[in-house]
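Here is how the chains run, residue by residue.
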Amino acid sequence: LFRSYFGSTTDGIRFNRGTNVAQAVTNQAIPFGIGGSAVATDPATGNLLFYTDGVSVFNRENNVMPSGLSLFGDNSSSNSAVIVPKPGDPNKYYIFTTESYYPLTGLHYTLVDMCLDGGLGAVVNAEKNVFLTGQTPEKVTTALHANGKDVWVITHGWNDNEFRVFLVTAAGVDPTPVITAIGPVHGPDFFQSVGCMKMNRDNNKLAVAVEISGNRIELYDFDNATGIVSNDIE
């Protein structure tokens, strides 16, 4: 199964494994929003575990998780959240959040432990809204490391041309990013914050959308062994 939830209390899509049939999901709990969302599913069965709009975290029964309110994302952010399974621990997940185009408080992460609340999961208060870097636009995405286990979390600096890439391993989130200065500056117009960042399925090409006069798409190579961004094409 694969699920995608959107910024409305009735909107979602469920794709059944082995078929090309999509079903509407009408019972999810994300309030109205115009930005992104993220969903975690069981890797073996595809069943829903939890989902978030970057502000609240909802369990598979569509209830807010314990401590699952007031994450430092925003439900109008283009990439409001991404979810990363913790390498080596099938019960823990990191939620990385970005704010909306103003005030751009930066990239934070929050840990979810699925062993808590009787197996429905809960946010771990000791690792909630942990600051990584700021300011950042509304952009965050992920890539699988070349070792097939660890995960890169990629964002961009504000009013500069820096990609900031964080490594997630079994030891946790490394707070020291790999920084590559390349391509155009994002800023200072706050509307340039708007737009998504996405990695391809081979984890070696990075696309960045920037809202600006005429709009802009940037394409880069990504080295998933080192976290370095290169070869900018606009």
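All values derive from a computational prediction rather than experimental measurement.

A. The sheet that holds strand β19 (residues 216-222), seen in detail. Here we have four strands laid out as an open sheet, ordered β17-β18-β19-β20, and antiparallel in their pairing. Among the strands making up the open sheet, the edge pair consists of β17 (197-199) and β20 (229-233). Adjacent strand axes in the sheet meet at a mean angle of 25°, parallel and antiparallel pairs treated alike.

B. Geometry of the pairing of strand β14 (residues 160-169). Along β14, eight of the 10 residues are buried, which leaves the element largely enclosed by surrounding structure. In this sheet, β14 lies alongside strand β13 (residues 151-156) in antiparallel orientation, the contact comprising six bridges. Looking at the pairing, Ile154 lines up with Val165 of β14. Remark: three residues form the turn of the hairpin made by β13 and β14, two consecutive strands paired antiparallel; Asn159 in that turn has positive phi of roughly 60°. In the sheet, β14 pairs with strand β16 (residues 178-186) via five bridges, with the strands oriented antiparallel. Pairing of Glu162 across the sheet is with Ala181, part of β16. Relative to strand β15 (residues 172-173), β14 runs antiparallel, the two being bridged by two bridges. Among the inter-strand pairings, Thr169 is bridged to a residue of β15, identified as Gly172. Counting the residues in the hairpin turn of β14 and β15 gives two residues.

What counts and what doesn't
- Residues numbered from 1 in each chain as written.
- Predicted model: local features only at pLDDT ≥ 70, side-chain atom pairs only at ≥ 80, totals over all residues.
- Heavy atoms only, no water.
- Pairing = 2+ DSSP bridges.
- Helix = DSSP H or I, 4+ residues; strand = E, 2+ residues; numbered from the N terminus.
- Axes fitted to C-alpha atoms, helices over the stretch in contact; angles between N-to-C directions.
- Buried < 20%, exposed > 50% of the residue type's maximum accessible area, 1.4 Å probe, protein only.

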